[in-house]
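Residue-level structure breakdown
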Amino acid sequence: MTKNKRKFDVLVVGELNVDIIFNGINSLPAIGKEILSKEMTLTMGSSSAIFAANISMLGVKTAFAGRVGNDIFGSMVLDTLKSKKIDTRFIYVSNSDKTGATVVLNYDNDRAMVTFPGSMENLTEKDITDEMLHSARHMHLSSAFLQKGLKPDIVKLFERAKNAGMTTSLDVQWDPEEKWDLPFDRLLPLVDVFLPNKQELTAITGKTDIKDVFRVLDTKTNTIVVKMSTEGSMGFKEGQLIHVPAFLNESVEDAIGAGDSFNAGFISKYIQNKPLGECLEFGNLMGAVNTTAAGGTGAFQTPEQVKEIAKKRFGKEF
Ligand SMILES: Nc1ncnc2c1ncn2[C@@H]1O[C@H](COP(=O)(O)OP(=O)(O)O)[C@@H](O)[C@H]1O
Ligand SMILES: [Mg+2]
């Protein structure tokens, strides 16, 4: 099968869960007591799903490989992905797992969260078949530290993806255990685009100065992208460092999923072989669009909506 004949542009390998969000609680919960919430929202959660949903809205043919439980949350995740035109044939529905959930308690401007990981910990490298890897041109993996079943064999997965002729990208996200124990020396040479944010990159490399980081990782990876919130993003490739400032949003709704939306924008250009500066700029634009509506997919409901926000709020037509 030649690369161009593949059915999908992007295969997302990742975690799936739901978020149950409580807004408008008037105090913190206390053991032995009950408090009331004014609002509640049930949505599809997970960084990988937000990436998949938003890159699909940008017209990229997307399939998802993951695992859910045979339950109501699992059905909701599958239905939501399908409504975003994402192909769900590679999502395994397990009778023995429960779909995970995060309970989010929003309080003032901060939040407390409780996560039950459920099925996301049980996806393994063996579940990702050669058929899946040959069905798409590019593989994106996110949230490596949350996927405990996949993590020990992550190098093998990327080796197989490269052998299958795919280009690859990785956003590890935060390590809740803060051990950062991935074999980056072996992994990063197999990753075409590495997409951490600044805090994650500092934690991984132990370097606080970005220039030192690039010296450490230089020879080990092809393109390194650093997401820097309101400062935009940096890209490093073949000895060249590019900084592209953010499209500043003066009235941010929330920044949930901004990094995933950045990734969606960046990778949508990368797979069209666009130059690094253009990939970074479009990543920044999609990150900024993300901050104009609540949650990770609020601003990405239709392709028209994304275009309109980009034009009206940030003066950019695409
Ligand atoms: N307040 C903001 N205004 C405009 N763009 C933003 C804002 N916050 C984030 N972005 C864009 O989204 C990208 C990703 O956000 P960031 O917070 O750095 O990632 P992560 O969510 O992974 O921590 C940034 O590089 C930037 O381009
Ligand atoms: Mg992130």
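Rules used throughout
Here the residue numbers are simple positions, counted from 1 along each chain's written sequence. All chains are assigned letters beginning at A, and all ligands numbers beginning at 1, according to the order in which they are written. Side-chain atom pairs in this predicted model are given and counted only at pLDDT of 80 or more, local residue features only at pLDDT of at least 70, and totals for whole chains, interfaces and linings cover all residues. As a rule here, side-chain values cover all heavy atoms of the structure and leave hydrogens and water aside. Nearness is judged by heavy atoms alone; a residue qualifies as near a molecule or strand once a single heavy atom is within 4 Å of it. The definition of a polar contact used here is a pair of N or O atoms within 3.5 Å, where within protein one atom must be able to donate a hydrogen and the other to accept one, and adjacent residues in sequence count solely through side-chain atom pairs. All accessible-area figures derive from a Shrake-Rupley calculation using a 1.4 Å probe, and residue coverage is judged against the displayed protein chains alone. Numbering of helices and strands runs from the N terminus, with a helix taken as a DSSP run of H or I at least four residues long and a strand as a DSSP run of E at least two residues long. We call two residues in contact when some of their heavy atoms are within 4.5 Å. Each residue is assigned to one of three classes by its accessible area relative to the maximum for its type, calculated with a 1.4 Å probe on protein chains only: buried under 20%, partly exposed between the two thresholds, exposed over 50%. In this analysis, axes come from line fits to C-alpha atoms, helices being fitted only over the stretch in contact, and the angle between any two N-to-C directions falls in the range 0 to 180 degrees. Should the near helix be turned anticlockwise from the far one by less than a right angle, the crossing is termed left-handed; should it be turned clockwise, right-handed. Three categories are distinguished: nonpolar for Ala, Val, Leu, Ile, Met, Phe, Trp, Tyr, Cys and Pro, charged for Asp, Glu, Lys and Arg, and polar for the others, with Gly belonging to the last. By this definition, two strands are paired if DSSP reports at least two bridges between them. Stacked, edge-to-face and tilted labels apply to pairs of Phe, Tyr and Trp rings (six-membered ring for Trp) whose centres lie within 6.5 Å, assigned for plane angles under 30 degrees, over 60, and everything in between, in that order. Geometrically, a charge over a ring is one whose NZ (Lys) or CZ (Arg) sits within 6 Å of the ring centre while staying within 35 degrees of the ring normal.

As for the site of ligand 1
The full set close to ligand 1 counts 16 residues, and Asn197, Ser229, Gly232, Phe247 and Asn284 are the nearest of them. For ligand 1, an oxygen atom lies 2.8 Å from a polar atom in the side chain of Asn197. Between ligand 1 and the protein, one listed contact pairs a nitrogen atom with a backbone N or O atom of Asn249 at 3.4 Å. Burial of ligand 1 by the protein chains amounts to 88% of its free accessible area of 550 Å². Taken together, the elements giving at least two residues each to the shell around ligand 1 come down to α8 (258-270) and α9 (276-290).

Details of the side chain of Asp175
Tracing the backbone through its elements, the reader meets Asp175 in the loop between β9 (167-171) and α5 (184-187). A distance of 2.7 Å separates the side chain of Asp175 from the backbone nitrogen of Lys179, its partner in a polar contact. Filtering out sequence-adjacent residues up to four positions away, Asp175 remains in contact with Phe145, Trp180 and Asp181.

Thoughts on the side chain of Ser143
For Ser143, the position within the fold is in the loop between β8 (136-142) and α4 (154-163). The class for Ser143 is buried, based on a relative accessible area of 2%. Excluding anything up to four places from it in sequence, Ser143 contacts Glu15, Ser47, Asp171, Val172 and Gln173.

A word on the packing of α8 against α9
Interaxial distance between α8 and α9 falls to 7 Å at its minimum, and their mutual angle equals 145 degrees. Our pair here, α8 against α9, has a crossing hand that is right-handed. Within the contact between the two elements, α8 uses Ala258, Ser261, Phe262, Gly265, Phe266, Ser268, Lys269 and Tyr270 and α9 uses Leu276, Glu278, Cys279, Leu280, Phe282, Gly283, Asn284, Met286, Gly287 and Asn290. Residues of the contact of α8 with α9, tallied by class, amount to nine nonpolar, seven polar and two charged.

Quick notes on the sheet that holds strand β2 (residues 17-25)
Across a sheet, paired strands are connected by hydrogen bonds in the backbone, their directions being either parallel or antiparallel. An order of β3-β2-β6-β7 is seen for the four strands of this open sheet, with the pairing classed as mixed. Two strands lie at the open edges of the sheet, namely β3 (37-44) and β7 (110-118), each paired on one side alone. Averaged over all neighbouring strand pairs, the angle between strand axes comes to 15 degrees, with direction disregarded. In this structure, strand β6 (residues 99-107) lies alongside β7, joined through eight bridges in antiparallel fashion. Bridge pairing in β7 places Ala101 opposite Phe116. Running at roughly 65 degrees to β3, helix α2 (residues 72-83) makes contact with β2, β3 and β6 of the sheet.

What to know about the packing of aromatic side chains
Summed over all chains, the structure comprises eight aromatic pairs. With a centroid separation of 5.3 Å and 80 degrees between ring planes, the pair formed by Phe145 and Trp180 is classed as edge-to-face. Residue Phe145 is found in the loop between β8 and α4, and its partner Trp180 is found in the loop between β9 and α5; the two are separated by 35 residues along the sequence. With respect to class, Phe145 is no different from Trp180; both count as buried. Pairing Phe282 with Phe318 gives two aromatic rings, centres 5.1 Å apart and planes at 75 degrees, and the pair type is edge-to-face. One end of the pair, Phe282, is in helix α9; the other, Phe318, is in the segment after α10 (303-314), with 36 residues separating them in the sequence. By relative accessible area, Phe282 is classed as buried at 10%. In this structure, Lys269 packs its charged tip against the face of Phe282, placed 4.8 Å from the ring centre.

Let's talk about helix α1 (residues 47-57)
The buried count for α1 comes to eleven of eleven residues, which makes it a mostly enclosed element. Backbone geometry just downstream of α1 places Gly59 in the positive-phi region, at approximately 90 degrees.

Concerning the sheet that holds strand β12 (residues 233-237)
Across the sheet, which stays open at both edges, the nine strands sit in the order β5-β4-β1-β8-β9-β10-β11-β12-β13 with mixed pairing between neighbours. Strands at the two margins of the open sheet, each flanked by one partner only, are β5 (87-94) and β13 (240-244). Here six bridges tie strand β4 (residues 62-69) to β5, and the two strands are oriented parallel to one another. For Ala65, the partnering residue across the bridge sits in β5 and is Phe90.

A look at unusual backbone geometry
Here the phi dihedral of Ser143 falls at roughly 55 degrees; this positive angle occurs in a residue that is not glycine. Here the phi dihedral of Asn273 falls at roughly 60 degrees; this positive angle occurs in a residue that is not glycine. Position of Asn273 among the secondary structure elements: in the loop between α8 and α9.

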